[in-house]
Amino acid sequence: GGLVVYNGKKFTLFTPENSKLNQHVIDDIGIDHNGSLYVITMGTVGKTNIYRNSDDSWECLGNENGTFYWVTAFTVGPAGIIYLLEDFMLSSSNTDYNTLFEYRDNTWKKLEADFMTSRLTFFAAIKADRRNYCWAASIKDNSYVLHVYNGNSWAEPPGGLFLNDKITTIETDGDNNVWVCTDKNGIFI
């Protein structure tokens with residue numbers, strides 16, 4: 001495992017042996033508007049990290065020995081703001097709860113969210129839009145709910161919008177339209 005990069009001429013494999021990466025499993029990749037690459041390393045619980053590669057230079061965005069327990073989802077906004085869900089569903093501890101974090105100004109901050117009331121809060125999708133707002137889909141009472149964080153507070157549309165349906169993906173386009181894909185009812189914009 002590791003991260004394989006193709007520069008148009010050759011493939012290069014980045015691993016813990018030849019880079020700052022602390023694990024061989026790369027779970028997800030994000031890119032901001034400056035072209036910086038963000039990767040999540042996984043494989044061992046308690047050792048999950050996010051690394052940024054800018055101008056061929058690697059930087060760990062946290063503790064190099066492990067910053068997060070496990071990560072379910074993350075997204076990077078245009079300005080390099082990261083939203084991340086730390087997942088404790090694999091944990092045998094009853095005191096650890098899934099937590100949303102924001103990385104801004106070189107600091108990780110826990111986000112308070114009223115809908116994060118359960119240890120088993122499940123997120124189907126998460127996406128930062130062009131304004132660096134965070135769109136997150138979760139499940140509440142067996143129904144999918146869409147939440148948006150504007151940098152200060154969370155809001156959600158009226159209930160029942162995705163009743164008996166599943167939000168599978170959230171994406172944004174160049175005009176900052178937010179595309180919400182569902183399992184049964186197509187795409188909402």
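Everything below is about the structure printed above this text.
Everything quoted here is computed from the prediction, not taken from an experiment.

J.: Teacher, can you tell me more about the state of the cysteines here?
T.: Among covalent bonds in proteins, the disulfide is the one between the sulfur atoms of two cysteines. Evaluation of the coordinates by the stated rule reveals 0 disulfides. Distance from the sulfur of cysteine 181, which forms no disulfide, to the nearest cysteine sulfur (cysteine 134) is 16 Å.

J.: It is not clear to me how the pairing of strand β9 (residues 99–104) should be interpreted in this structure. Could you clarify?
T.: Put simply, side chains in a regular strand alternate between the two faces of the sheet. Of all 6 residues that make up β9, 5 are buried, and the element is covered over most of its length. When strand β8 (residues 82–86) meets β9, the two strands line up antiparallel, connected through 5 bridges. Paired with isoleucine 82 across the bridge in β9 is tyrosine 103. In textbook terms, the turn of a hairpin is the stretch between consecutive antiparallel strands, and for β9 and strand β10 (residues 107–111) this stretch comprises 2 residues, one of which, aspartate 105, has a positive phi near 55°.

J.: Would you take a moment to explain the sheet that holds β8 for this structure?
T.: Within a sheet, adjacent strands bond to each other through the backbone by hydrogen bonds, running parallel or antiparallel. Ordered in space as β7-β8-β9-β10, the 4 strands form an open sheet in which the pairing is antiparallel. The open sheet has two edge strands, β7 (71–76) and β10, and neither has a second partner. Strand-to-strand twist of the sheet, defined as the mean angle between neighbouring strand axes without regard to direction, takes the value 20°.

J.: Even after reading the chapter, I still don't get a nonpolar patch on the surface, so can you show me in this structure?
T.: Together, Val4, Tyr6, Phe11 and Leu13 line one region of the surface with nonpolar side chains, adding up to about 440 Å² of accessible area. Of all the secondary structure elements, the ones that give two or more residues to the nonpolar patch are β1 (3–6) and β2 (11–14). Note that tyrosine 6 resides in strand β1.

J.: I would appreciate a short explanation of the pattern of salt bridges in the present structure.
T.: A side chain with one charge may pair with a side chain of the opposite charge, provided their charged atoms come close. Overall, the coordinates contain 6 salt bridges when judged by the stated rule. Note that arginine 52 is salt-bridged to glutamate 59, the shortest N-O span being 2.8 Å. The partly exposed category is assigned to glutamate 59, whose relative accessible area is 33%. For aspartate 129, the salt bridge is made with arginine 131, and the minimal N-O distance between the two is 2.7 Å. By sharing partners, the salt bridges in this structure join Glu102, Arg104 and Lys109 into a single network.

Rules behind the numbers
Residues numbered from 1 in each chain as written. Predicted model: local features only at pLDDT ≥ 70, side-chain atom pairs only at ≥ 80, totals over all residues. Heavy atoms only, no water. Disulfide = S-S within 2.5 Å. Buried < 20%, exposed > 50% of the residue type's maximum accessible area, 1.4 Å probe, protein only. Helix = DSSP H or I, 4+ residues; strand = E, 2+ residues; numbered from the N terminus. Pairing = 2+ DSSP bridges. Axes fitted to C-alpha atoms, helices over the stretch in contact; angles between N-to-C directions. Patch = residues over 30% accessible without salt bridge, like charges linked within 9 Å, V, L, I, M, F, W, Y side chains within 5 Å. Areas by Shrake-Rupley, 256 points an atom, 1.4 Å probe, with all protein chains shown as cover. Salt bridge = Lys/Arg side-chain N within 4 Å of Asp/Glu carboxyl O.

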